[in-house]
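Observations on chain architecture
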Amino acid sequence: MSDTQVAFSDLDLPSSVLKSITELGYETPSPIQAACIPLLLNGDDVLGMAQTGTGKTAAFALPLLSRIDLKLNKPQVLVLAPTRELAVQVAEAFQAYARHIPGFHVLPIYGGQSYTLQLKQLRRGPHVVVGTPGRVMDHLDRGTLILDELKAMVLDEADEMLRMGFIDDVETIMAKTPAARQTALFSATMPEQIRRITKRYMRDPKEIKIASKTTTMENIDQRCWIVSGVNKLDALVRILETEDCGGIIIFARTKTATTEIAEKLEARGYAAAPLNGDMNQQLRERTVQRLKDAKLDILVATDVAARGLDVERVGMVINYDIPYDTEAYVHRIGRTGRAGRDGKAILFVAPRERRLLKQIEQATRQPIKQMDLPSRDMVQNKRLESFREQVTSIFNDEDMSTYRELVDQLASDTELETLDLASALLYMAQKDKPLILPPEPEPRPRRERDNDRDSRDGERGAKRERINYADLDVYRLEVGRNDGVQVKNIVGAIANEADINSRHIGDIRLFDDHSTVQLPKGMPPEVLQQLKGVFICRKKIDISLMEGEIARPAPRKPRGDFKGKGRNDRGGNDRGAPRKPRPRRDA
Ligand code: AMP
């Protein structure tokens, strides 16, 4: 966790890479990075139990960049990722870390993108390819992706790939890469099939699992807000406006973020300052002293800079960016509730970071209550209340006689009633912090919100919406059980190739020589065309609309006949098929 004493500069990374991470504002390696980077630099195979949010991308990207021979315009590192979003994200991370490596070239390849474009890009000879398994397989089969110079391979979110039905493709791809390649596999969990892969395809992998201490903090009220609808900064301000507490520490991941957030809060009238590793010891001490003396109310800190910080008046900790692991979380929230006082801790969790939240809850053995953001009315009432208090205290503490005379004078000069004059003055006084807030924006239509969301988020935890069958059409796929197809293969292929959130895929039924799937009405012809060419289990699906078929929920299944997991527990799938031909059940 953030107590790692290792610095990036201790890690033998090339200076060009060190320069990029300094510019990105990374202060210290996260635990998974501190553990993985030396091993991967050393040529070891690595098995990392880690998920999004732990810094795993940099844990493999930084060391593998040092393996690239820029003169060789062939793929030397291949990363397999379960979704196009992750593939793009990982490719972007490589690009960011390699910004000072001239001539470096990374290419994301995923379903849904035109083959022609991908072929052109592949011909340019990327050094790193990041792809979803289906599309990588296609290119391997077509001979358009040549991996004979591959030095390293990464399986990112292996358990997700398993869940989405890609694991056979992953194995086939691995079998086609040079045996001498180095392999890193990251997975939040280690199901048996993944263990099997590690045994078959990895050489004495070093296992990395960051142990977490379990500490309980009963005097701290812990809550979390799942980021949605409102951006994090606006959410932060709403919380700051409505929560009563003395000093506050806000934790961000990077030094750059601490400065940015502190500046934005200052601009909104808060006494806030950053606390990070770019500041020398003396400046840091002075800043902490100002918090102690209540000259500052808010410190925006990185984990390292706030290590051991002990300020009694800190009543709240806000985890603006989720910490890498439980230990960091426990350390952060321990900055409040000092000297036997009560404290509050709020954690911002992006939908895709829910697993990390679960892990924190499990390790601390304390549930973290989900909170709603304070409403507009709450913010407005709070502002009125503090305005009232200000006015009352001015009347109690100051001599107002000369101002009363001035008001009289102004009223007669302007020929205004005192009440009208008071309203004008109130209007002027509240301008920076309006006492009447604009109405909340209407919630955006669901389709728009879904488009913003990473398709994995819905899978990860958000409650499933109930499917409206009237909104679905039935399609026929020319692949069936005889081809070895399973429900999960269909979900994975369609979700990735047509970019349809898997929550919007209705029931799937498997027959011997074909399958049917219910998909949202109004599929654009180009998406349908795109889907036609998709392969599942090496067979073109050749999808077509089944005119006249009405989508309806599959009838309840008899007990114990279906062992599917994940998406399949929603019901439906290969059940309730017509009598002839009778589909066999998927196990
Ligand atoms: P990941 O777990 O790879 O998805 O990374 C999560 C986020 O943490 C990304 O936004 C990274 O840019 C950021 N990050 C990764 N490593 C560090 C680090 N050492 N210091 C600060 N931020 C980091």
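What counts and what doesn't
Residues numbered from 1 in each chain as written. Predicted model: local features only at pLDDT ≥ 70, side-chain atom pairs only at ≥ 80, totals over all residues. Heavy atoms only, no water. Helix = DSSP H or I, 4+ residues; strand = E, 2+ residues; numbered from the N terminus. Buried < 20%, exposed > 50% of the residue type's maximum accessible area, 1.4 Å probe, protein only. Contact = heavy atoms within 4.5 Å. Areas by Shrake-Rupley, 256 points an atom, 1.4 Å probe, with all protein chains shown as cover. Axes fitted to C-alpha atoms, helices over the stretch in contact; angles between N-to-C directions. Parallel < 35°, antiparallel > 145°, perpendicular 65-115°, else oblique. Pairing = 2+ DSSP bridges. UniProt positions renumbered as here; feature names shortened; annotations may be inferred. Left-handed = near helix turned anticlockwise from the far one by under 90°. Nonpolar A, V, L, I, M, F, W, Y, C, P; charged D, E, K, R; others polar. Core = buried A, V, L, I, M, F, W, Y, C linked by side-chain atoms within 4.5 Å. Salt bridge = Lys/Arg side-chain N within 4 Å of Asp/Glu carboxyl O. Near = heavy atom within 4 Å. Domains from an automatic or database assignment. Expected span 1.5 Å × (residues − 1). Arc of directions from axis to C-beta.

1. Quick notes on the overall build of the protein
Of regular secondary structure, the protein possesses 21 helices and 20 strands. Among the 587 residues that make up the protein, the fraction classed as buried is 50%. Contacts spanning at least 24 positions in sequence make up 75% of the contacts within the protein whose residues lie at least 6 apart. As presented, the protein carries roughly 28400 Å² of accessible surface, and 49% of it is formed by carbon and sulfur atoms.

2. Some words on the packing of helix 13 (residues 326–333) against helix 14 (residues 354–364)
Look at helix 13 against helix 14: their axes get within 9 Å of each other, and the N-to-C directions meet at 75°. Overall, the two elements helix 13 and helix 14 adopt an arrangement that is roughly perpendicular. Residues Thr326, Tyr329 and Val330 of helix 13 lie in contact with helix 14, whose contacting residues are Gln359, Ile360, Ala363 and Thr364.

3. Observations concerning the sheet that holds strand 20 (residues 544–545)
If you walk across this open sheet you meet the four strands as 16-17-15-20, and the pairing is antiparallel. Edge positions in the sheet fall to strand 16 (508–510) and strand 20, since each of these pairs with one other strand and no more. With three bridges connecting them, strand 16 and strand 17 (residues 515–520) associate as antiparallel partners. Within strand 17, the residue paired with Arg509 across the bridge is Thr516.

4. Some remarks on the UniProt feature "domain: DEAD-box RNA helicase Q" (unreviewed entry) in the protein
The UniProt feature table records "domain: DEAD-box RNA helicase Q" (unreviewed entry) at residues 6–34. Along residues 6–34 one finds 45% helix and 0% strand; the C-alpha atoms at either end are 7 Å apart.

5. Description of the packing of helix 5 (residues 115–123) against helix 6 (residues 133–142)
The description of two helices packed together rests on the angle between their axes and the distance between the axes. Running from amino to carboxyl end, helix 5 crosses helix 6 at an angle of 70°, the nearest separation of the two axes being 12 Å. One way to sum up the angle between helix 5 and helix 6 is to call them roughly perpendicular. Read as a crossing pair, helix 5 and helix 6 show a hand that is right-handed. Facing helix 5, whose interface residues are Tyr115, Gln118, Leu119 and Leu122, helix 6 presents Arg135, Asp138, His139 and Arg142. Within the contact of helix 5 with helix 6, the residues separate by chemical class into three nonpolar, two polar and three charged.

6. Some words on the nonpolar core
Grouped together as the largest cluster of nonpolar side chains are 41 residues, with contacts concentrated most on Phe60, Leu62, Phe94 and Phe104. When contributions to this core are tallied by element, the ones reaching two or more residues are helix 1 (15–23), helix 2 (31–41), helix 3 (56–65), strand 2 (77–80), helix 4 (84–97), strand 4 (128–131), strand 5 (152–155) and strand 6 (182–187). Leu47, Leu78, Val129 and Ala158 belong to the second-largest nonpolar core, a separate cluster that totals 30 residues.

7. A closer look at the pattern of salt bridges
Applying the stated criterion across every chain yields a total of 31 salt bridges. The partner of Lys74 in a salt bridge is Asp148, and the shortest N-O contact between them spans 3.7 Å. Of this pair, Lys74 sits in the loop between helix 3 and strand 2 while Asp148 sits in the loop between helix 6 and strand 5, and the two are 74 residues apart along the sequence. Among the ionic pairs, Asp159 bridges to Arg355, the shortest N-O distance being 3.2 Å.

8. Thoughts on the sheet that holds strand 4
Taken in spatial order, the seven strands make up an open sheet running 3-4-2-5-6-1-7, and their pairing is parallel. Each edge of the open sheet carries a strand with a single partner, namely strand 3 (106–109) and strand 7 (206–208). On average, adjacent strands in this sheet sit at an angle of 15° to one another, irrespective of strand direction. Sheet topology places strand 1 (residues 46–49) next to strand 6; four bridges connect them, and they run parallel.

9. Re the environment of Ile436
Relative to the assigned elements, Ile436 resides in the loop between helix 17 (418–429) and helix 18 (446–452). We classify Ile436 as exposed; its relative accessible area is 66%. Distance in space between the C-alpha atoms of Ile436 and Leu384 is 8.9 Å, their sequence separation being 52 residues. The residues contacting Ile436, other than those within four sequence positions of it, are Gln380 and Gln430.

10. Overview of the site of the ligand
The environment of the ligand is formed by 14 residues, the closest being Tyr26, Gln33, Gly55, Thr57 and Arg253. Taken together, the residues of the shell around the ligand break down into three nonpolar, nine polar and two charged. Residue assignment places the shell around the ligand across two domains, with domain 1 (8–210) and domain 2 (220–374) each supplying three or more.

11. Quick look at unusual backbone geometry
In this structure, Asp12 is a non-glycine residue whose phi angle is positive, near 65°. Inspection of the secondary structure puts Asp12 in the segment before helix 1. According to the relative accessible area criterion, Asp12 is exposed, its value standing at 69%. Even without being glycine, Asp204 reaches a positive phi, approximately 40°. Relative to the assigned elements, Asp204 resides in the loop between helix 9 (192–201) and strand 7.

12. Some points on the side chain of Thr183
Here Thr183 shows up in strand 6. Residue classification places Thr183 among the buried positions, given a relative accessible area of 1%. Here Thr183 is in contact with Asp45, Val46, Met153, Met174, Tyr201 and Met202, once residues within four sequence places are set aside.

13. Structural notes on helix 15 (residues 376–397)
For helix 15, built from 22 residues, the straight-helix expectation of 32 Å at 1.5 Å per residue is met to within 8% by its first-to-last C-alpha distance of 31 Å. Among the residues making up helix 15, those that are buried are Val379, Gln380, Lys382 and Arg383. The buried residues of helix 15 occupy an angular sector of 160° when projected down its axis, which confines them to one face. Away from the buried face of helix 15 by more than 90 degrees, exposed residues Arg388, Phe395 and Asn396 are located. At its buried positions, helix 15 is contacted by helix 10 (232–242).

14. Examining the pairing of strand 5
Burial along strand 5 is two-sided: Ala152 and Val154 and Met153 and Leu155, pointing in opposite directions, are all buried. With four bridges connecting them, strand 2 and strand 5 associate as parallel partners. When the bridges of strand 5 are listed, Val77 appears paired with Ala152. Looking at chain direction, strand 5 and strand 6 are connected through four bridges and run parallel. Looking at strand 6, one finds that Met153 is bridged to Thr183.

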